[in-house]
Amino acid sequence: MDRIDEVLGEVPLPPYVTAEDVDFAVRAIAVHAPEQGPDGLRCRNDQAAHPCRLHRWGQRVLAERGLSEAQVRASVTHHEASAVRP
Ligand SMILES: [Zn+2]
């Protein structure tokens, strides 16, 4: 865990996970994807050790919502395929 994680702790989950939260969570997981760094996997968005806080938050939201790992992967893949690239 990076030092920033120890200072800030985990991002709190919303009290009730809505469809909109699921959408945010899928986006967070897609954006905060791992990439290989010199010392292991790093978040390609914020360079924190993977999984970074937002990636973990996304996973917790989707787990709370009862999505399986396969469903999460499918949603993220779908999101990446449909994302508008600049
Ligand atoms: Zn990240």
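Scroll up for the structure.
Thresholds applied
- Residues numbered from 1 in each chain as written.
- Predicted model: local features only at pLDDT ≥ 70, side-chain atom pairs only at ≥ 80, totals over all residues.
- Heavy atoms only, no water.
- Core = buried A, V, L, I, M, F, W, Y, C linked by side-chain atoms within 4.5 Å.
- Buried < 20%, exposed > 50% of the residue type's maximum accessible area, 1.4 Å probe, protein only.
- Helix = DSSP H or I, 4+ residues; strand = E, 2+ residues; numbered from the N terminus.
- Contact = heavy atoms within 4.5 Å.
- Polar contact = N/O pair within 3.5 Å; in protein donor to acceptor, adjacent residues only side chain to side chain.
- Expected span 1.5 Å × (residues − 1).

Colleague: So what exactly am I meant to see when it comes to the nonpolar core here?
Modeller: One broad rule of soluble globular proteins: the nonpolar side chains tend to lie buried together. Counting 13 residues, the largest nonpolar core has Trp57, Leu62 and Val76 as the members making the most contacts within it. Elements with a contribution of two residues or more to this core: α2 (19–31), α3 (53–64) and α4 (69–82). Ranked by the residues each element gives to this core, the list is headed by α2, at six residues. Apart from residues no more than four positions distant in its own chain, leucine 62 is found in contact with Val22, Ala25, Val26, Ile29, Leu67 and Val72.

Colleague: What should I look at first to understand the side chain of arginine 56 in this one?
Modeller: Counting through the fold element by element, arginine 56 comes out in helix α3. At 3.0 Å, the side chain of arginine 56 forms a polar contact with the side chain of glutamate 10.

Colleague: What is the right way to look at α3 in this model?
Modeller: Note on helix geometry: an α-helix contains 3.6 residues per turn, so any two residues three or four positions apart are oriented the same way. Its twelve residues place the ends of α3 16 Å apart at the C-alpha level, agreeing with the 16 Å of an ideal helix rising 1.5 Å per residue. For α3, the full list of buried residues reads His55, Arg56, Trp57, Gly58, Val61 and Leu62. Two residues or fewer past α3, glycine 66 is found with a positive phi of approximately 85°.

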